[in-house]
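# Survey of secondary and tertiary structure
Here are the chains, one letter per residue:
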Amino acid sequence: MEGSKARYVDNTSQLFSAGLTIRQKEPKNLEAPFDRIDSYLTPTELFYIRSHFPTPALDHASYKLRIGGAVRSPFALSYDELRNMPSETRVATLECAGNSRVFLVPQVQGAQWELGAVSNAEWTGVPLRVLLERAGLAEDACEIVLEGADRGTPKEEPVPPVPISYTWSLPRTKALRSEVLIAYQMNGRELPRDHGFPVRAIVPGHYGMASVKWLTGIQAVREPFHGYWQTSDYAYWAEMEGKPVRRALGEMQLKSEIARPRVYETLAPNRIYTISGAAWAGETDVTEIAVSTDGGRTWTEAEFVDPVRRHAWRRWKLDWLTPKEPGQYTLLARAKDAAGVIQPDKHDRNYGTYVINHPLPIEVFVGDSRGS
Ligand SMILES: Nc1nc2c(c(=O)[nH]1)N[C@H]1C(S)=C(S)[C@@H](COP(=O)(O)O)O[C@H]1N2
Ligand SMILES: [Mo]
């Protein structure tokens, strides 16, 4: 990532030409070029897009955000009213829970994301907590339901009998944390349509599905909300009293990805090559990165490019003296968090087709060509 900084930072036209990869045309599911993002903040044009339904057409003039449910005084805000409230700006990494799915063997259903269903941006908006306090959140409200303006009928079973909107509920404690934003800006500009224009939620530390785009409703509820997205779709097998139970995904899990070299890249022998990547976690900090160039037998500590900032990724790099012997080598990167926990060796099957956070093997060739 550091390596070719000049190419992208000095030449704007090249930056815009890097482009996204289509995983699905409609609804839009577009992957960021993880190997070509050299900046800490992902340029808005290169930020991945993950939508379940067609992008709804909203405008400033008719936009309304309704706050209600288990509150003392429900109210609605126009776009201008929201804009006139004191705002906060913070950096947060969003990762789709299905990112890196293509690494699962055997192959599973769902968008075949490689490394780029993750991006990092700066978001500006009003803390959700401020809105909930103004509404007078009921003591016994346990979750906050966020509703988007997009609707449709999901394809996966069990198919709901009527078209539904995209909704996601946050546990009360998370909803009241100061980092959760009702955002209207991304990287200092208005949200683009595909990223939730004019207003979206940003839930730092949670997988992307919680950051509801085209947000039009905020509803406090007194019982857990078992909507389609968090029961049938973004859910996993947890354990209760020794028995498996379905729970909604939440906190992002510790993960590191190698940006460069790319899969099957050919590197010159006996040269310094700067291996680079980024690592992130949910409600903790990434404190260490180890890199292996021999398929996990030995590990070397990499160096961070970015400081610790809760909920934002940290880029890292390591200079590797490539072997003299030509051949195929497997590169891995493994992060450690503030509690000393490292990434798991394997994908946890309890997460189904989500939470792919084991070190992902990047196979490269050293030598003049693949055959050497
Ligand atoms: N209204 C709405 N919000 C949504 C979605 C959606 O389909 N509709 N997709 C979610 C998912 S699964 C992810 S990973 C993030 C992606 O945000 P982005 O498209 O801005 O990258 O948005 C989330 N918010
Ligand atoms: Mo997602």
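## Here we look at the pairing of strand 10 (residues 181-186)
The side chains of a regular strand alternate, residue by residue, between the two faces of the sheet. Of all six residues that make up strand 10, six are buried, and the element is covered over most of its length. Pairing geometry for strand 10 and strand 11 (residues 189-190), over two bridges, is antiparallel. Following the sheet pairing, Gln-185 is matched in strand 11 by Glu-190.

## What about helix 4 (residues 128-135)?
By the burial criterion, the buried members of helix 4 are Leu-128, Leu-131, Leu-132 and Ala-135. End-on, the buried residues of helix 4 take up no more than an arc of 95°, which puts them together on one face. Just past helix 4, the residue Gly-136 takes up positive phi, approximately 75°.

## Re the nonpolar core
Among the nonpolar cores identified, the biggest contains 105 residues, and Trp-123, Leu-131, Ile-182 and Ile-218 are the most heavily contacted of them. For Leu-131, the contacting residues outside a window of four places in its chain are Leu-65, Ile-67, Phe-75, Leu-77, Met-85, Val-126, Ile-182 and Ile-218.

## A word on the site of ligand 1
Close contacts around ligand 1 come from 18 residues, with Tyr-48, Asp-150, His-195, Arg-200 and Lys-213 the closest. In this structure, Arg-50 approaches ligand 1 through a main-chain N or O atom, which is 2.9 Å from an oxygen atom. Between a nitrogen atom of ligand 1 and a main-chain N or O atom of Ser-211, the distance comes to 3.0 Å. Burial of ligand 1 by the protein amounts to 100% of the accessible area it has alone, namely 530 Å². Looking at the shell around ligand 1 residue by residue, the classes come out as nine nonpolar, five polar and four charged.

The rules behind these values
- Residues numbered from 1 in each chain as written.
- Chains lettered and ligands numbered in written order.
- Predicted model: local features only at pLDDT ≥ 70, side-chain atom pairs only at ≥ 80, totals over all residues.
- Heavy atoms only, no water.
- Buried < 20%, exposed > 50% of the residue type's maximum accessible area, 1.4 Å probe, protein only.
- Helix = DSSP H or I, 4+ residues; strand = E, 2+ residues; numbered from the N terminus.
- Pairing = 2+ DSSP bridges.
- Arc of directions from axis to C-beta.
- Core = buried A, V, L, I, M, F, W, Y, C linked by side-chain atoms within 4.5 Å.
- Contact = heavy atoms within 4.5 Å.
- Near = heavy atom within 4 Å.
- Polar contact = N/O pair within 3.5 Å; in protein donor to acceptor, adjacent residues only side chain to side chain.
- Areas by Shrake-Rupley, 256 points an atom, 1.4 Å probe, with all protein chains shown as cover.
- Nonpolar A, V, L, I, M, F, W, Y, C, P; charged D, E, K, R; others polar.

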